[in-house]
Amino acid sequence: MAVPIAVLDCDLLLYGRGHRTLDRFKLEDVTDEYLVSTYGFPRRFIYYLVELLGASLSRPTQRSRAISPETQILAALGFYTSGSFQTRMGDAIGISQASMSRCVANVTEALVERASQFIHFPEDEATVQSLKDDFYGLAGMPGVLGVVDCTHVAIKAPNAEDLSYVNRKGLHSLNCLMVCDARGVLLSAETHWPGSLPDCAVLQRAALTSQFETELHKDGWLLGDSSFFLRTWLMTPLHIPETPAEYRYNMAHSATHNVIERTFRTIRSRFRCLDGSKGTLQYSPEKSSHIILACCVLHNISLEHGLDVWSSPATGHMEQPEEEYEQMESMDSEACRIRQELLLTHFS
């Protein structure tokens, strides 16, 4: 079946008469299958984004003919899910590659402005308890408020002198710290850390640490892997388990923590601009960080709309640098006590 394509004259786009929006591409003119295959999401999801972001994307412009919010969103989704500014993509919605780039910038800014609306820890007691219950149902690990880990996203080299973004594999990247719940919904996302920082250093500097050390999260903890140090609010696996209880604890920890790894794979699969298959993000670290965060917002919105987090197949992605760390768990005696009590109470 032929797909209708609207192609607009770029001169008309830039210099046409009047102050109208460009809306030649109609969502109702194409099938859901086409929208999913080309832009990654179905019609109802795109309509929701138009309603959510429309006001921000309709800001006054100096250009004689503004691009409609609907078209801007399609352009951005096309980039996020394909990882490239394809001429075919621009032709399909009637804009040039340069306009595609501006659309991505506009939509990214609008999504980042709304990040705190969609990425946050629950506050009411009932939702917090439900969060713990969901994690407990996975592998019997009690008191879990989230699972935390870092993932690297490749970016272009900022400049020849700046080595702060060069990770242990010798590639330029951002090291992104994220927390998710048992369904893969992101509860925290810090996407701006330089790739040279190891995971433990990222966590040490992160807003997440301040949040858990200064606010009331005394009735639970996060789960992190061995690249992080044990804290009163962050349970890590035992380096060398010896007793049956310690083995059971480590197994439950690993099975529960695996949710964040699956979430990373799903995000990279859905948003191919992040997986490295089309090359690195060709932006400054700041703009790259915003694109990553925008994809995180879209990930959570998609879950709200019933788009299954585990439905997308895993894809190849940038190899994650292995962390080198020392076991320093005994430095926090209170954290050791809490973990030992957890072992005795639930795994003995």
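Since the structure is predicted, the reported quantities are computational estimates derived from the model, not experimental observations.

A.B. asks: It is not clear to me how the overall build of the protein chain should be interpreted in this structure. Could you clarify?
C.D. replies: Looking only at helices and strands, one finds 13 helices and seven strands in the protein chain. Looking at the protein chain as a whole, 53% of its 348 residues qualify as buried. Taking all contacts inside the protein chain whose residues are at least 6 apart in sequence as the whole, residues at least 24 apart take part in 71%. Per element, the accessible surface of the protein chain, about 16500 Å² overall, is 51% carbon and sulfur.

A.B. asks: Help me understand the pattern of salt bridges, please; the structure alone is not making it clear to me.
C.D. replies: Any two side chains of opposite charge can pair if their charged atoms end up close together. Counting across every chain of the model gives seven salt bridges. In this structure, the salt-bridge partner of D219 is K132, at a minimum N-O distance of 3.5 Å. Within this pair, whereas D219 is found in the loop between α10 (207–214) and β6 (221–224), its partner K132 is found in helix α8 (residues 125–139), the two being separated by 87 residues in sequence. For E334, the salt bridge identified is with R337, shortest N-O distance 2.7 Å. With E334 and R337 both in helix α13 (residues 333–347) and three residues apart, this pair spans about one turn of that helix. The exposure class assigned to E334 is partly exposed, which follows from its relative accessible area of 36%. Connected through shared salt-bridge partners, E334, R337 and E341 make up one network.

A.B. asks: Could you clarify how one ought to interpret the pairing of β6 in this entry?
C.D. replies: Consecutive side chains along a regular strand alternate between the two faces of the sheet. Judged by which residues are buried, β6 turns out to be covered on both faces: W221 and L223 on one side and L222 and G224 on the other are all buried. Relative to β6, strand β3 (residues 144–154) is paired through four bridges, and the arrangement is parallel. Across the sheet, residue V148 finds its bridge partner in β6, namely G224. Relative to strand β7 (residues 234–235), β6 is paired through two bridges, and the arrangement is parallel. What sits directly across from L222, in β7, is L234.

A.B. asks: Help me understand helix α12 (residues 285–304) in this model?
C.D. replies: With 20 residues, α12 should reach 28 Å at 1.5 Å per residue; the first-to-last C-alpha distance of 29 Å fits that figure. The buried count for α12 comes to 16 of 20 residues, which makes it a mostly enclosed element.

A.B. asks: Would you mind showing me how to read the side chain of S82 here?
C.D. replies: Within the secondary structure layout, S82 lies in helix α4 (residues 69–82). A relative accessible area of 12% means that S82 is categorised as buried. A polar contact is formed between the side chain of S82 and the backbone oxygen of G78, at a distance of 2.6 Å.

A.B. asks: Mind showing me how you'd approach the nonpolar core here?
C.D. replies: Nonpolar side chains tend toward joint burial in soluble globular proteins. Within the largest apolar cluster, 98 residues are counted, with the highest numbers of intra-cluster contacts made by Y80, L208, L222 and L281. In contact with Y80, not counting residues within four places along its chain, are V104, V107, T108, L111, R270, F271, R272, C273, I291, A294, C295 and L298.

A.B. asks: How do you make sense of the pairing of β3 when you look at a structure like this?
C.D. replies: Counted residue by residue, β3 has eleven buried out of eleven residues, so it is predominantly covered. Judged from the eight bridges that link them, β3 and strand β4 (residues 173–180) form a sheet pairing that is antiparallel. Across the sheet, residue V148 finds its bridge partner in β4, namely V179.

A.B. asks: Looking at this structure, I do not really get the environment of L174. What am I missing?
C.D. replies: Among the structural elements, L174 can be located in strand β4. Classification of L174 as buried rests on a relative accessible area of 0%. Sequence spacing of L174 and S164 is ten residues, and the spatial spacing of their C-alpha atoms is 9.7 Å.

A.B. asks: Could you clarify how one ought to interpret the environment of T151 in this entry?
C.D. replies: Topologically, T151 is positioned in strand β3. With 109 residues separating them in the primary sequence, T151 and I260 have C-alpha atoms 9.9 Å apart. A distance of 2.7 Å separates polar atoms of two side chains, one belonging to T151 and the other to R268.

A.B. asks: Is there a simple way to think about the sheet that holds β6 in this case?
C.D. replies: Sheets are built from strands that pair by backbone hydrogen bonding, the pairs being arranged parallel or antiparallel. Overall, mixed pairing links the five strands, which are arranged β5-β4-β3-β6-β7 in an open sheet. A single partner strand is all that each edge strand has here, and the edge strands are β5 (186–194) and β7. Sheet contacts for α8: β3, β4 and β5; angle to β3, the most-contacted strand, approximately 75°. Across the sheet, α12 touches β3, β4 and β5, and the angle it forms with β5 is around 165°.

Basis of the calculations
- Residues numbered from 1 in each chain as written.
- Predicted model: local features only at pLDDT ≥ 70, side-chain atom pairs only at ≥ 80, totals over all residues.
- Heavy atoms only, no water.
- Helix = DSSP H or I, 4+ residues; strand = E, 2+ residues; numbered from the N terminus.
- Buried < 20%, exposed > 50% of the residue type's maximum accessible area, 1.4 Å probe, protein only.
- Contact = heavy atoms within 4.5 Å.
- Areas by Shrake-Rupley, 256 points an atom, 1.4 Å probe, with all protein chains shown as cover.
- Salt bridge = Lys/Arg side-chain N within 4 Å of Asp/Glu carboxyl O.
- Pairing = 2+ DSSP bridges.
- Expected span 1.5 Å × (residues − 1).
- Polar contact = N/O pair within 3.5 Å; in protein donor to acceptor, adjacent residues only side chain to side chain.
- Core = buried A, V, L, I, M, F, W, Y, C linked by side-chain atoms within 4.5 Å.
- Axes fitted to C-alpha atoms, helices over the stretch in contact; angles between N-to-C directions.

What is shown is where atoms sit, not what they do.
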